[in-house]
Amino acid sequence: MSDIQKLLDIMVALRRDCPWDRGQTLASIAPYTVEEAYEVADAIAREDPDALRGELGDLLFQVVFHARMAEDDGQFAFGDVVDAICDKMVRRHPHVFGSAAERAAGPQPGSWERIKAGERAGEGGGTPRALADIPVALPALTRAAKLGKRAARTGFDWPDAGGARAKIDEELAELAEADAADDPAARHHELGDLLFAVVNLARHLRVNPEQALTDANRRFENRFNHLEAALHATGKSTADCDLETLEAAWQQAKRDLGGTDDS
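None of these values were measured; they are calculated from a predicted model.

1. Structural notes on the overall build of the protein
Secondary structure assignment for the protein yields 13 helices and zero strands. Ordered by position in the sequence, the α and β elements of the protein form the string α-α-α-α-α-α-α-α-α-α-α-α-α. Its C-alpha atoms give the protein a radius of gyration of 25 Å, more than 25% over the compact-globule value 18 Å for 263 residues. With respect to the principal axes defined by its C-alpha atoms, the protein has extents near 65 × 50 × 45 Å. Counting only contacts in the protein whose residues sit at least 6 apart along the sequence, the fraction spanning at least 24 positions is 53%. About 17200 Å² of surface is accessible on the protein, with carbon and sulfur atoms providing 58% of the total. Across the protein, the centroid of the 31 positively charged side chains sits 6 Å from that of the 47 negatively charged ones.

2. Quick word on the side chain of E36
Mapped onto the fold, E36 is located in helix α3 (residues 26-45). Buried charge without a salt bridge: E36, with R46 as the nearest opposite-charge side chain at an N-O distance of 10 Å. With residues up to four places along the chain from it excluded, the contact list for E36 reads E55, D58, L59 and Q62.

3. Quick word on the environment of E170
Looking at the element boundaries, E170 is found in helix α10 (residues 161-180). Given a relative accessible area of 37%, E170 falls into the partly exposed group. Along the sequence, E170 and A140 sit 30 residues apart, while their C-alpha atoms lie 21 Å from each other. Here the side chain of E170 touches K167 through a polar contact of 3.0 Å, side chain to side chain.

4. Focus on the packing of aromatic side chains
This model, assessed by the stated rule, comprises four aromatic pairs. Here a set of aromatic residues connected by ring pairs shows up, and it is made of F220, F224 and W250.

5. A word on the environment of F224
As for its position among the elements, F224 is in helix α12 (residues 209-233). For F224, a relative accessible area of 29% translates into the label partly exposed. With near-sequence residues (within four places) excluded, F224 lies in contact with T238 and W250.

6. Comments concerning the packing of helix α1 (residues 2-17) against helix α4 (residues 49-72)
Contact geometry of α1 with α4 gives a least axis separation of 10 Å together with a crossing angle of 55 degrees. Taken together, the axes of α1 and α4 are oblique relative to one another. As for how α1 packs across α4, the hand of that crossing is right-handed. Residues I4, L7, L8, M11, V12, L14 and R15 of α1 lie in contact with α4, whose contacting residues are L60, F61, V64, F65, R68, M69 and D72. Partitioning the contact of α1 with α4 into residue classes produces 11 nonpolar, no polar and three charged.

Calculation notes
Residues numbered from 1 in each chain as written. Predicted model: local features only at pLDDT ≥ 70, side-chain atom pairs only at ≥ 80, totals over all residues. Heavy atoms only, no water. Helix = DSSP H or I, 4+ residues; strand = E, 2+ residues; numbered from the N terminus. Rg over C-alpha atoms; globule rule 2.2 N^0.38 Å. Contact = heavy atoms within 4.5 Å. Areas by Shrake-Rupley, 256 points an atom, 1.4 Å probe, with all protein chains shown as cover. Lys, Arg positive; Asp, Glu negative; His and termini not counted. Charge placed at Lys NZ, Arg CZ, Asp CG, Glu CD. Buried < 20%, exposed > 50% of the residue type's maximum accessible area, 1.4 Å probe, protein only. Salt bridge = Lys/Arg side-chain N within 4 Å of Asp/Glu carboxyl O. Polar contact = N/O pair within 3.5 Å; in protein donor to acceptor, adjacent residues only side chain to side chain. Phe/Tyr/Trp six-rings, centres within 6.5 Å; stacked < 30°, edge-to-face > 60°. Axes fitted to C-alpha atoms, helices over the stretch in contact; angles between N-to-C directions. Parallel < 35°, antiparallel > 145°, perpendicular 65-115°, else oblique. Left-handed = near helix turned anticlockwise from the far one by under 90°. Nonpolar A, V, L, I, M, F, W, Y, C, P; charged D, E, K, R; others polar.

Below is the structure:
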């Protein structure tokens, strides 16, 4: 606790004596919080423990910053944040913190989601909505996956991945129609539907679409960098090559890198 108190005291001083920190609001700091969370994920992906230690500190500072601003506005303090997460974790893990009977029974399938659903019903009052409280600021792929998963729990889903694949085919056909009609608004609409259908297929295949695309981005970047370096070694650039030459260079890059370009 002495470590966190030191950070809390630093935050008090910053809000008191630093014009920039004093001028911030919850809304103005929110983008930095999101950025710090991504930098934590990046340090993990790079398997860099030194960077991860620093990035986790930056993320913790964001939590302290938000809590201090809320306290300044008379809303809540850092201790309330800690109490809330402690209460939540205890409440959602009855097999660890519950009664002797609950601990003896062990983890129960679906328990976590049932408890969360009860929390949502209690917070909102009235009839709980299945898609309530999914943050709109999530990356679009992640939010699409959460929307599909939440809807599926109500029974609104295909019985297997075949239905999701058929939906992709349907959306591809509709996108082709919109493209043939040269309708920009329809193209935008149908491409969104196609991406959403692909995310639903990922859910059925138990693949995290955000991570799958992140890995695909990394593979493309590594292979393209390799392709570009190989062309430069021969005195050429991608602009000097026709599509057939570029495709051959791409396939060579894939062979050269093998499985290493997923790292």
